[in-house]
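# Structural overview
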Amino acid sequence: MPTIRPLALGLGLAVAVVSAPPLHAQDAMPNPAVKARQSLMTLFAFNLGTLGAMAQGNMEYDATAAGAAANNLMALSHLDLAALWPEGTDADSIDGTRALPDLWANFPDVTTKIAALQTATTAMADAAGTDLAGLQGAMGPLGAACGACHQAYRASE
Amino acid sequence: MRRWFVRLLILAVIVIALGLWITRPRSDGAEALAGLTGDVTRGEAVFTAAGCASCHMAEGASDEARLVLTGGQRFASPFGTFTAPNISQDPDQGIGTWSAPDLWNALHHGTSPQGRHYYPAFPYASYIRMEPQQVADLHAYLATLPADPTPSQPHDVPFPFNIRTALGGWKLLFLRDGWVMQGDLNEAEQRGRVLVEALGHCAECHSPRNALGGLKTGADWLSGAPNPAGRGSFPDLTPPEMSWSEAELVEYFTSGFTPEFDMAGGHMSHVVQNLAQLPESDRAAIAAYLKRLPLGQ
């Protein structure tokens, strides 16, 4: 039976300890891709907030502000940001995300849903600067487009 | 000595028989719905508020396909994984042959037409509060939906939870038909109570459960709970965690947008889809009910 030399054993252990990632590494330093996509969602929410407040009558309708917010949403939905969802950044693999593994298993469906979002933001960009009724009418389909992805690919809190 | 043993044996048999009798699957005869005629339009509203399609449609179904109640969605829990059965109008694989009293016994007693206990993954602990008229209406509406021949899949529930007889004990402990929220409620709050505690079965996800899976009431009622499927949790609906105004709640139930313009996700997006089809007064009633939380104050 071969004996393990104490020195080799000690060296092996030292390497193992040094190379092991610190516990909760993600808490201290969020995955940059996760951080970026959550920031993208914040940008969506902020611009939606302007349109939603007008649609709900909590803010006076302002064609310029509504048009700007709607154009932002349209621009955001057309960015090529596939790199924000790299493999291995689902909720089963890392902390700090609610993205379900199903998202990575269904890319064709995700692409279809993104196209639906682009259609909805384009309709909003056409309507928001025209009048309040148009803005309100475009709000439903836009919400549905957001919800379609969250329903399928985001975990409960 | 032998006489004592015989007496003990007789006593044991009596206790077991009594236990089985007490926990037997209950059912009512046709008189439970006597004189009631189902209305399809009202039944559709019951169907929508009770969210039947959300669990009994095929996985990922949308639009008209949501009304094909083929079953097959799986629901993981600490007790095993339950698979929603086919409740379409197919006479063999679905519930096409069910009478209105059969539906009543399923919803009110958790008992099948064959006299078996259903697992409470089917939320009869909430549906028990439905009125006979609501059940008659729902039965009339279900009869208008399509038949689908897909066979129901078995549940994947390990020992000891696969012993259905034991569910009689569960019912004895936890099945209650009274309202959880008591006290003076105005008309909207009472309507909200019907929608939250009976049809919408909100507590089934949003209330914590005890070790045996019974819903906790009192101050725990609707105070949030871990997701039994293991990922994340269902939000606390009591203050201070739930700080949305009634108008914000109604907006969420209508469009799915939170006050921060986040969007309902997961199973709640199905709920919003259902609530959005109800009259605005119903969504306002749910908000009014939620604003009376927490209980036990």
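Residues numbered from 1 in each chain as written. Chains lettered and ligands numbered in written order. Predicted model: local features only at pLDDT ≥ 70, side-chain atom pairs only at ≥ 80, totals over all residues. Heavy atoms only, no water.

Chain B has the name Diheme cytochrome c-type in an unreviewed UniProt entry, where Sinisalibacter aestuarii is given as its organism.

## So, the overall build of chain B
From N to C terminus, chain B includes twelve helices and four strands. Here the C-alpha radius of gyration of chain B, 20 Å, is about what a compact globule of 297 residues would show, namely 19 Å. Expressed along its principal axes, the backbone C-alpha trace of chain B runs to roughly 75 × 45 × 40 Å. Considering chain B as a whole, with its 297 residues, one finds that 44% of them fall into the buried category. A fraction of 63% describes how many contacts in chain B between residues 6 or more apart in sequence connect residues 24 or more apart. As displayed, chain B has an accessible area near 15,000 Å², and 58% of this comes from carbon and sulfur atoms. Each charge class in chain B can be summarised by its mean position, and for the 21 positive and 30 negative side chains these summaries are 16 Å apart. (Helix = DSSP H or I, 4+ residues; strand = E, 2+ residues; numbered from the N terminus. Rg over C-alpha atoms; globule rule 2.2 N^0.38 Å. Buried < 20%, exposed > 50% of the residue type's maximum accessible area, 1.4 Å probe, protein only. Contact = heavy atoms within 4.5 Å. Areas by Shrake-Rupley, 256 points an atom, 1.4 Å probe, with all protein chains shown as cover. Lys, Arg positive; Asp, Glu negative; His and termini not counted. Charge placed at Lys NZ, Arg CZ, Asp CG, Glu CD.)

## Notes on the UniProt feature "domain: Cytochrome c" (unreviewed entry) in chain B
Listed under "domain: Cytochrome c" (unreviewed entry) in the UniProt record, and renumbered for this structure, are residues 38-146 and 187-294 of chain B. End C-alpha atoms of residues 187-294 of chain B are separated by 19 Å, and the span's content is 44% helix alongside 4% strand. (UniProt positions renumbered as here; feature names shortened; annotations may be inferred.)

## Observations regarding the pairing of strand S1 (residues 74-77) of chain B
Sheet topology note: the S1 of chain B/strand S2 (residues 80-83) of chain B ladder contains four bridges and is antiparallel. Across the sheet, Ala76 of chain B pairs through a bridge with Thr81 of chain B, a residue of S2 of chain B. (Pairing = 2+ DSSP bridges.)

## Quick notes on helix H3 (residues 32-55) of chain A
Residues and elements named next belong to chain A. With 24 residues, H3 extends 34 Å between its outermost C-alpha atoms, agreeing within 8% with the 34 Å of an ideal straight helix rising 1.5 Å per residue. In H3, a bend of some 25° at Gly49 exceeds every other bend along the element. Among the residues of H3, the N-terminal cap falls to Asn31, whose side-chain oxygen and the backbone nitrogen of Ala33 are separated by 2.8 Å. Two residues or fewer past H3, Gly57 is found with a positive phi of approximately 80°. (Expected span 1.5 Å × (residues − 1). Bend = angle between axes of the 7 residues up to and from the residue. Polar contact = N/O pair within 3.5 Å; in protein donor to acceptor, adjacent residues only side chain to side chain.)

## Examining the pattern of salt bridges
All names here are of chain B. Per the counting criterion, the structure on display carries seven salt bridges over all chains. A salt bridge links Arg209 to Glu204; the nearest nitrogen and oxygen atoms lie 2.9 Å apart. Overall, the relative accessible area of 34% leaves Arg209 in the partly exposed class. Residue classification places Glu204 among the buried residues on the basis of a relative accessible area of 14%. A salt bridge links Glu280 to Arg283, with the shortest nitrogen-to-oxygen separation between them at 3.9 Å. Residue Glu280 and its partner Arg283 are located together in helix H12 (residues 280-290), separated by three residues, close to a single helical turn. In this structure Arg283 comes out as buried when scored by relative accessible area, which is 6%. (Salt bridge = Lys/Arg side-chain N within 4 Å of Asp/Glu carboxyl O.)

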